[in-house]
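Architecture and fold: a report
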Amino acid sequence: MFTGSLPPTPPREQLMDRYWSHVVNCSSCNAAYKALNALAASLQVFSFALVAVVAATKQGMISMAARNTLVVAAVLCFVGSKWLSHFIYKTFRYHGYNHVS
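Residues numbered from 1 in each chain as written. Predicted model: local features only at pLDDT ≥ 70, side-chain atom pairs only at ≥ 80, totals over all residues. Heavy atoms only, no water.

One pair of aromatic rings is described through two measures. These are the centre distance and the angle between the planes. Enumeration according to the criterion identifies five aromatic pairs in this entry. When the centroid spacing of 5.0 Å and the interplanar angle of 50 degrees are considered together, the rings of Tyr 19 and Tyr 33 count as tilted. Of this pair, Tyr 19 sits in helix H2 (residues 18-23) while Tyr 33 sits in helix H3 (residues 27-56); the two residues are 14 residues apart in sequence, bridging distant segments of the chain. With relative accessibility at 14%, the residue Tyr 19 sits in the buried group. On the accessibility criterion, Tyr 33 (11% relative accessible area) is buried. Ring centres of Trp 83 and Phe 87 lie 5.5 Å apart, and the angle between their planes is 15 degrees; on these two criteria the pair is classed as stacked. One end of the pair, Trp 83, and the other, Phe 87, are both in helix H4 (residues 64-93), four residues apart, so they sit about a helical turn from each other. (Phe/Tyr/Trp six-rings, centres within 6.5 Å; stacked < 30°, edge-to-face > 60°. Helix = DSSP H or I, 4+ residues; strand = E, 2+ residues; numbered from the N terminus. Buried < 20%, exposed > 50% of the residue type's maximum accessible area, 1.4 Å probe, protein only.)

In structure tokens, the structure reads:
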């Protein structure tokens, strides 16, 4: 018998969650999700490895230009990994919808 009342609305995060509603079941999206997460983790590891190389080398072992290049590469890898993590989250996890814009 219908009482006229509807079940409570789930939280917004649950309604807009792409991961459990689609990505887990879609082989293409699941593979892309795993590959992009692996790439983001690899960028972070590479970033820290570059910093470790710069820290471990003595002053005269590599030129200042090479040292600066390694530092810039480390920063770019780290920033790239953070951007990629944000991209993965908004693409494969949760994407809010703004009705105003």
